[in-house]
Amino acid sequence: MLNRPRAWPVTITADDARSPRLVLRPLLRADEAAWVRVRRDNAEWVGPWEPTSPDGGSPQLPFRQYVRVLDREAREGRSLPFLVEVDGELAGQVHLFGIVRGSLRSAAAGYWVAERVAGRGVATRALAMACDHAFGPGGLHRVEVNIRPENVRSLAVVAHLGFRDEGVRRRYLHIGGDWRDHRTFALLAEDVADGPVISRWARVSGR
């Protein structure tokens, strides 16, 4: 079961005794030193998949301003920006962003995890937890993930969770100095009517 508070700030805990223990929570000002360290240590690991600015400017805000922007976007219902904690330590982020209500009720998801926790199902579980919140108290109907065709690890994440491949978006996002093709994958609320998304990871992993 997941702990799913309904209003931001939201903390989601996977209290299912699996190892490692995962918590999704808001990024705090007090996280600055740990966040800066993890981002610095994983610059080469995540760099090939990070969005860049077409005009050559830096898209990264100063940390405290970054936290304020995330909180404002979340309070105003446009995003759900989660920090990923693994066994009590900062290890990545998973965001639901571009949230649209009304007749669409959709969001896109993005995520990254530190290299030290790669291969342990952390990104898959974190995305599953975020999707379960989106389809539950988040009230969304669709979550999509856009992935570069070369990003084999990320492709495995959506495959494990049963996201549907919706095809290629040509030159969709600016990364590493050029516009890059992405594949779009989506999951609908109807797709998980038989149980939570996290249960798909459990079946694939044999947990």
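Residues numbered from 1 in each chain as written. Predicted model: local features only at pLDDT ≥ 70, side-chain atom pairs only at ≥ 80, totals over all residues. Heavy atoms only, no water.

Trainee: Talk me through the pattern of salt bridges; I want residue IDs and the actual numbers.
Mentor: One pass over the structure, following the stated rule, counts 16 salt bridges. With a shortest N-O distance of 4.0 Å, Arg64 and Glu32 are connected by a salt bridge. Of this pair, Arg64 sits in helix 3 (residues 63-75) while Glu32 sits in helix 1 (residues 32-41), and the two are 32 residues apart along the sequence. The closest approach of N and O atoms between Arg40 and Asp41, which form a salt bridge, is 3.4 Å. (Salt bridge = Lys/Arg side-chain N within 4 Å of Asp/Glu carboxyl O. Helix = DSSP H or I, 4+ residues; strand = E, 2+ residues; numbered from the N terminus.)

Trainee: I'd like a rundown of the packing of aromatic side chains, residues and numbers included.
Mentor: Two descriptors summarise a pair of aromatic rings, namely the distance from one centre to the other and the angle between the planes of the rings. One pass over the structure, following the stated rule, counts 3 aromatic pairs. Geometrically, the ring pair formed by Trp8 and Phe82 is tilted, given 5.7 Å between the ring centres and 55° between the ring planes. Pair noted here: Trp8 is in the segment before strand 1 (12-13) and Phe82 is in strand 3 (residues 80-86), with a separation of 74 residues, a long-range link. Accessibility classification places Trp8 together with Phe82 in one group, the buried group. An angle of 50° between the planes, with centres 5.4 Å apart, marks the rings of Trp35 and Phe63 as tilted. One end of the pair, Trp35, is in helix 1; the other, Phe63, is in helix 3, with 28 residues separating them in the sequence. Exposure remark for Trp35: the relative accessible area of 6% places this residue in the buried category. Classification of Phe63 as buried rests on a relative accessible area of 7%. (Phe/Tyr/Trp six-rings, centres within 6.5 Å; stacked < 30°, edge-to-face > 60°. Buried < 20%, exposed > 50% of the residue type's maximum accessible area, 1.4 Å probe, protein only.)

Trainee: Pulling in residues and values, what's your account of a positive patch on the surface?
Mentor: A cluster of basic residues, Arg29, Arg68, Arg72 and Arg75, forms a positive patch on the protein surface. Mapped onto the elements of the fold, Arg29 is located in the loop between strand 2 (22-25) and helix 1. (Patch = residues over 30% accessible without salt bridge, like charges linked within 9 Å, V, L, I, M, F, W, Y side chains within 5 Å. Areas by Shrake-Rupley, 256 points an atom, 1.4 Å probe, with all protein chains shown as cover. Lys, Arg positive; Asp, Glu negative; His and termini not counted. Charge placed at Lys NZ, Arg CZ, Asp CG, Glu CD.)

Trainee: So what about the side chain of His95? Which residues, and what values?
Mentor: As for its placement among the helices and strands, His95 is situated in strand 4 (residues 89-100). Since its relative accessible area comes to 17%, His95 is described here as buried. If sequence neighbours within four positions are ignored, His95 has contacts with Tyr66, Leu70, Leu80, Pro81, Phe82, Ala108, Ala109 and Gly110. (Contact = heavy atoms within 4.5 Å.)

Trainee: Run through the sheet that holds strand 4, naming residues and quoting values.
Mentor: Whenever strands of a sheet pair, they do so through backbone hydrogen bonds, lying parallel or antiparallel. Here 8 strands make up an open sheet; going across it, the order is 1-2-3-4-5-6-8-7 and the pairing mixed. Sheet topology places strand 1 and strand 7 (164-175) at the edges, where each strand pairs with a single neighbour. Bridge analysis of strand 2 against strand 3 gives 4 bridges, and the strand direction is antiparallel. Bridging from a neighbouring strand, Val23 pairs with Glu85 of strand 3. Its contacts with the sheet put helix 1 on strand 4 and strand 5 (106-113), and the angle it makes with strand 4 is roughly 90°. Contacts from helix 4 (residues 122-135) reach strand 1, strand 2, strand 3, strand 4, strand 5, strand 6 (142-147) and strand 8 (178-188) within the one sheet, and its direction differs from that of strand 2 by about 50°. (Pairing = 2+ DSSP bridges. Axes fitted to C-alpha atoms, helices over the stretch in contact; angles between N-to-C directions.)

Trainee: Give me unusual backbone geometry: which residues, what numbers.
Mentor: A negative phi angle characterises most non-glycine residues, just as the trans form characterises most peptide bonds. Even without glycine at this site, Asp87 takes up a positive phi of about 50°. Here Asp87 shows up in the loop between strand 3 and strand 4. Its relative accessible area of 48% is what places Asp87 among the partly exposed residues. Positioned with a positive phi, Arg171 is a non-glycine residue whose angle comes to about 45°. In this structure, Arg171 sits in strand 7.

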